[in-house]
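So you can see what is in the structure, the chains are spelled out below.
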Amino acid sequence: MFRLEARSSTPAWFNLALPLLAIAATLVLCSGLIALAGAGVLESYGVMFTASLGDSYAITETLVRAAPMIFTGLAVAVAFRAKFWNIGAEGQLLAGAVASCFVGAIPMPGPLAMLLMALAGAAAGALVALVPATLRVKFKVDDVVSSLLLNSVIYYALMALIEGPWKDSFSGYPISPPIEDSANFPVLIEGTRLHLGVIVALIAAPLIWFLIVRTTLGFRIRVTGENPEAARYGGIHVERVLLSTALLSGALAGMAGVGEVGGVHFQVMSDISPGYGYSGIVVAMLARLNPLGVVPAAIFLAAVMTGAEAMSRATGVPAFLSDVIQGTALLAMLVALLFTAYRIRRVGATS
Amino acid sequence: MSAVFEQIFQVGFLAAIIRIATPLAFATLGEMFSERAGVLNLGIEGIMLLCAMTGFTATSVSGSLWLGVLVAVLTGMLMGALHALFTVVLGLSQHVCGIGVTLFSSGLAYFLYRLIFGQQSVPPSIKGFQTVPIPLLSDIPVLGPAVFNQFTLVYIAILAIPLAAFVLYRTPWGLSVRMVGENPRAADSAGVSVIATRFQAVILGGALMGLAGAFLSMAQFNAFTFGVVSGRGWVAIALVVFGRWDPWRSAGAALLFAFVDALQLRMQASGLGHIPYEAFLMLPFIFTIVAMAVMSRNAVAPSALLKPFRREER
């Protein structure tokens, strides 16, 4: 007989082992779908790997795709650390995209435009995240549902803008006018799409890690999440910490939108985010809410997404496999996390 | 002449409301059962999509509409069981699992659809459900043709509302559902299996979500597209809160939303839209968020919502 036994502490190597275990389980489970499509499993995963990480150009494409998920992953990780259940990174990303696009369309010197785009995008995301946090602090409204529902509100607001007053008059499609050429984020390597925003995302991760692990605010965020009663007893203003966390989380999600506008699309359209906000939840969980872990987790998902398209062309397996992998990875990681709370013990027949 | 035109307008409008409300009513009742037992199911958006896909595919292959509905319902039950396995049996966090189920099910729906039907310039369609007039009742002026000349699935939805209320408030099982959602500890002491009851409620919820998906792809659109659900699952999440976790109120909320949606469609079609139609689509979400703030004082949500139950933890 086996039984689950509560575990008080977890060894450090779990932080690495659990995501790897979850990813391995995901790839094994999804190989069934590849086989169903009549393609070779190893061949398909091989193409996926080569096309996303096999050469330097592929790596830059994967990094471009990873950048928004690094930001949304950080946004979710920070929020979940404080047990502020921000499911609204998608809407905050869209708000950040809209605000930065507004600013980027105003003629001004390039560097100033980029700085103001980032500030506007972060502020817009932060304001959106402040809504569920305020409702929770002031009215005890469940933040899961309110932050989720706000995504739809922001999405329809965006649609109303780009189909209405903000529609690009030179285009037949519902898209916003483009930002100024001078506001386009500089490309760092000639011939690739690797833009400034990707580097900002890569730098943001260690900064947020430092903030969470080494600063007073980070300490307050962690204590509020782990034990709000103790936090309150220790003189921490829990409500204020939740609001600060929401501002930080929303600003990070907003930055994801800034990068997509400034570095990839240069304008806003209805499908500017293929669910990067929800992917942020997958990234944060795979990273075990560690900001440093967010980077490899986001690169993994990005590699799956870029690789899936090449795999589809080469083997005929639908590229939507990447969506299945994403969902499966999240569920597998949640199951793997059980090992942090429990250990499997063999129970002898006599006991 | 204008009187006749007005009547057609009215009947068409009422019928449109009923048709828009039907999948929402199924989905909302499904989510309500799950939440009354204490389990938030954010998988609803993806489950509806997957069920719309499997139901459509089964009908497309077999030619039988009811087989398609059955397959959709079974798919919903299966995905409900998956969500219940994670959240009820393993006690994992409900909101994160729900997002996982939505990502997984919608990914699977896209993947399988593309695998089975390939990439076609014109998406394949089926001959969907036809309206079935109910004798005598459909002769009632205005109301008759609007409500009683509908798809069979609409009648099932109309019957499902009192049935859901009866099951929830008048049967021992419904009492168990409410108990495990309000006070699982007390339910456990009273000999009610919290795990089993929650499992059953989430699976029943999944079955209803399956009907919602089936209606979309087999009666409303007669085809499966990637946008066939397009946020209706999230609307249902909002309507359950707006309807205060009650079958009658939730169904009423679905009807109210359908009215707003039908109005916006009509305004768009008539070109009278000074107000962007998105403003109407936003309304249920904004109303629900405001309602949550207002209702928070009298705590109408099931107390144990989002809380996993482990017997050994006291």
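Residues numbered from 1 in each chain as written. Chains lettered and ligands numbered in written order. Predicted model: local features only at pLDDT ≥ 70, side-chain atom pairs only at ≥ 80, totals over all residues. Heavy atoms only, no water.

Asks: Account for the overall build of chain A, naming residues and giving values.
Replies: Within chain A, the secondary structure is distributed over 14 helices and 2 strands. Computed over its C-alpha atoms, the radius of gyration of chain A comes to 21 Å, within 12% of the 20 Å expected for a compact globule of 351 residues. Sequence-distant contacts, at least 24 apart, represent 76% of the contacts inside chain A between residues at least 6 apart. When the accessible area of chain A is evaluated, it comes to approximately 14800 Å², of which 66% is carbon and sulfur surface. If the 20 positive side-chain charges of chain A are averaged to one point and the 19 negative ones to another, these points end up 18 Å apart. (Helix = DSSP H or I, 4+ residues; strand = E, 2+ residues; numbered from the N terminus. Rg over C-alpha atoms; globule rule 2.2 N^0.38 Å. Contact = heavy atoms within 4.5 Å. Areas by Shrake-Rupley, 256 points an atom, 1.4 Å probe, with all protein chains shown as cover. Lys, Arg positive; Asp, Glu negative; His and termini not counted. Charge placed at Lys NZ, Arg CZ, Asp CG, Glu CD.)

Asks: Before we move on, could you go through the overall build of chain B and cite the residues and values that matter?
Replies: On a plain count of helices and strands, chain B comes out with 12 helices and 2 strands. Reading chain B from its N terminus to its C terminus gives the helix and strand order α-α-α-α-β-α-β-α-α-α-α-α-α-α. In terms of overall size, chain B behaves like a compact globule, its C-alpha atoms giving a radius of gyration of 20 Å where 314 residues would be expected to give roughly 20 Å. Its C-alpha atoms give chain B principal-axis dimensions of roughly 70 × 45 × 40 Å. Out of the 314 residues belonging to chain B, those deemed buried represent 57%. Of all intrachain contacts in chain B linking residues separated by at least 6 positions in sequence, the fraction that spans at least 24 positions is 76%. Accessible area for chain B stands at about 12900 Å²; split by element, carbon and sulfur atoms hold 68% of it. Within chain B, one finds 17 positive and 12 negative side-chain charges whose respective centroids are separated by 4 Å. (Buried < 20%, exposed > 50% of the residue type's maximum accessible area, 1.4 Å probe, protein only.)

Asks: Help me get a handle on the interface of chain B and chain A, residues and values and all.
Replies: Taken together, the 43 residues of chain B in the interface contact 42 residues of chain A. Buried surface at the junction of chain B and chain A, summed over both partners, amounts to about 3700 Å²; 85% is from carbon and sulfur atoms. Our count for the contact surface shared by chain B and chain A stands at 0 salt bridges. Remark: the boundary between chain B and chain A carries 2 residue pairs in polar contact (both at pLDDT 80 or more). Breaking the side of chain B that touches chain A down by element, the ones donating at least two residues are helix H3 (65–89), helix H4 (94–117), helix H10 (232–242) and helix H12 (277–295) of chain B. When residues of the side of chain B that touches chain A are assigned to their parent elements, the largest contribution, 15 residues, is made by H4(B). Residue composition of the side of chain B that touches chain A, grouped by class: 32 nonpolar, 6 polar and 5 charged. (Buried area = accessible area lost by both parts, 1.4 Å probe. Salt bridge = Lys/Arg side-chain N within 4 Å of Asp/Glu carboxyl O. Polar contact = N/O pair within 3.5 Å; in protein donor to acceptor, adjacent residues only side chain to side chain. Nonpolar A, V, L, I, M, F, W, Y, C, P; charged D, E, K, R; others polar.)

Asks: Describe helix H5 (residues 110–139) of chain A, listing the residues and the values that go with them.
Replies: Residues and elements named next belong to chain A. Taking 1.5 Å of rise per residue, 30 residues should cover 44 Å, and H5 covers 43 Å from first to last C-alpha, within 8% of that figure. Leu130 marks the point of greatest bend in H5, at about 25°, and the proline Pro132 comes within the next four residues. Directly after H5, the chain includes Lys140, whose backbone phi takes a positive value near 55°. (Expected span 1.5 Å × (residues − 1). Bend = angle between axes of the 7 residues up to and from the residue.)

Asks: Describe the pattern of salt bridges, and please don't skip the residues or the numbers.
Replies: Pairing is possible between side chains that carry opposite charge, provided their charged atoms lie close to one another. All names here are of chain A. Inspection of every chain in the model, using the stated rule, returns 5 salt bridges over all chains. Two residues, Arg136 and Asp143, come together in a salt bridge whose shortest N-O distance is 2.5 Å. By relative accessible area, which is 3% here, Asp143 ends up buried. Look at the salt bridges and you will find they share partners, linking Glu229, Arg232 and Glu239 into a network.

Asks: Which residues make up the side chain of Gln326(A), and what are the values?
Replies: Structurally, the position occupied by Gln326(A) is in helix H13 (residues 321–336). With relative accessibility at 6%, the residue Gln326(A) sits in the buried group. Apart from the residues lying within four places of it in its own chain, the contact partners of Gln326(A) are Ser279(A), Val282(A), Leu301(A), Met305(A) and Leu103(B).

Asks: Lay out the nonpolar core with the relevant residues and their values.
Replies: Within soluble globular proteins, side chains that are nonpolar generally end up buried alongside one another. Within the largest apolar cluster, 221 residues are counted, with the highest numbers of intra-cluster contacts made by Val268(A), Met285(A), Leu321(A), Leu330(A), Leu334(A) and Phe224(B). Here this core gets 14 residues from one element, more than from any other, and that element is helix H3 (residues 56–81) of chain A. With sequence-adjacent residues up to four places away left out, Met285(A) is seen in contact with Phe80(A), Leu330(A), Met333(A), Leu334(A), Leu337(A) and Val96(B). Among the nonpolar cores identified, the runner-up in size contains 6 residues, and Ile17(B), Ala21(B), Ala258(B) and Ala262(B) belong to it. (Core = buried A, V, L, I, M, F, W, Y, C linked by side-chain atoms within 4.5 Å.)

Asks: Residues and numbers for the packing of H13(A) against H4(B), please.
Replies: Packing of H13(A) against H4(B) leaves a shortest axis separation of 7 Å and a crossing angle of 155°. Compared by their axis directions, H13(A) and H4(B) come out roughly antiparallel. For the pair H13(A) and H4(B), the sense of crossing is left-handed. Between H13(A) and H4(B), the residues in contact are Leu321(A), Asp323(A), Val324(A), Gln326(A), Gly327(A), Thr328(A), Leu330(A), Leu331(A) and Leu334(A) and Val96(B), Cys97(B), Ile99(B), Gly100(B), Val101(B), Leu103(B), Phe104(B), Gly107(B), Leu108(B), Tyr110(B) and Phe111(B), respectively. Its residues placed into classes, the contact of H13(A) with H4(B) shows 14 nonpolar, 5 polar and 1 charged. (Axes fitted to C-alpha atoms, helices over the stretch in contact; angles between N-to-C directions. Parallel < 35°, antiparallel > 145°, perpendicular 65-115°, else oblique. Left-handed = near helix turned anticlockwise from the far one by under 90°.)

Asks: Lay out the environment of Val335(A) with the relevant residues and their values.
Replies: For Val335(A), the location among the structural elements is in helix H13. In this structure, the C-alpha to C-alpha distance between Val335(A) and Arg346(A), residues 11 residues apart in sequence, is 20 Å. In this structure, Val335(A) is in contact with Phe86(B), Leu90(B) and Leu92(B), ignoring residues within four places of it in sequence.

Asks: I'd like to hear about helix H11 (residues 276–286) of chain A, residue by residue, with values.
Replies: All names here are of chain A. For H11, the tally of buried residues reaches 11 of 11 residues, placing the bulk of the element in the interior. Taken as a whole, H11 has its buried residues at Tyr276, Gly277, Tyr278, Ser279, Gly280, Ile281, Val282, Val283, Ala284, Met285 and Leu286. One or two steps after H11, the chain reaches Arg288, where phi turns positive at roughly 55°.

Asks: Just give me the short version of the packing of aromatic side chains, but keep the residues and values in it.
Replies: Residues and elements named next belong to chain B. For the coordinates displayed, the defined rule picks out 19 aromatic pairs over all chains. Centroid distance Trp66 to Phe129: 4.9 Å. Interplanar angle 70°. Geometry classified as edge-to-face. You can see Trp66 sitting in helix H3 and its partner Phe129 sitting in the loop between H4 and strand S1 (132–133), a full 63 residues away along the chain. In this structure Trp66 comes out as partly exposed when scored by relative accessible area, which is 43%. (Phe/Tyr/Trp six-rings, centres within 6.5 Å; stacked < 30°, edge-to-face > 60°.)

Asks: Provide a residue-level description of the packing of H11(A) against helix H12 (residues 291–315) of chain A, including the pertinent values.
Replies: All names here are of chain A. Closest axis-to-axis distance for the H11/H12 pair is 8 Å, and the angle between their directions is 130°. Between H11 and H12, the angle falls in the class oblique. For the pair H11 and H12, the sense of crossing is right-handed. The residues of H12 that touch H11, namely those facing Tyr276, Ser279, Val282, Val283 and Leu286, are Val294, Ala297, Ala298, Phe300, Leu301 and Met305.

Asks: Talk me through the environment of Ser60(B); I want residue IDs and the actual numbers.
Replies: Residue and element names in this part refer to chain B. Summarising the element assignment, Ser60 is placed in helix H2 (residues 44–62). Once the C-alpha coordinates of Ser60 and Leu256 are considered, the two residues, 196 residues apart in sequence, prove to be 33 Å apart. Not counting the four nearest positions on each side in its chain, Ser60 is found in contact with Phe117 and Ile126.

Asks: Account for a nonpolar patch on the surface, naming residues and giving values.
Replies: All names here are of chain A. On the surface, a cluster of nonpolar side chains totalling about 560 Å² of accessible area is made up of Leu188, Ile189, Leu196, Ile199, Val200, Ile203 and Leu207. Tracing the backbone shows Leu207 in helix H7 (residues 196–214). Taking relative accessible area as the criterion, Leu207 reaches 56% and is therefore assigned exposed. (Patch = residues over 30% accessible without salt bridge, like charges linked within 9 Å, V, L, I, M, F, W, Y side chains within 5 Å.)

Asks: Any details on the confidence of the model for chain A? Residues and values, ideally.
Replies: For chain A, mean pLDDT is 93; residues scoring 70 or higher make up 97% of the total. Within chain A, strand S1 (residues 2–6) of chain A has the poorest average pLDDT of any element, 71, and helix H4 (residues 89–104) of chain A the best, 98. (pLDDT = per-residue confidence, 0-100.)

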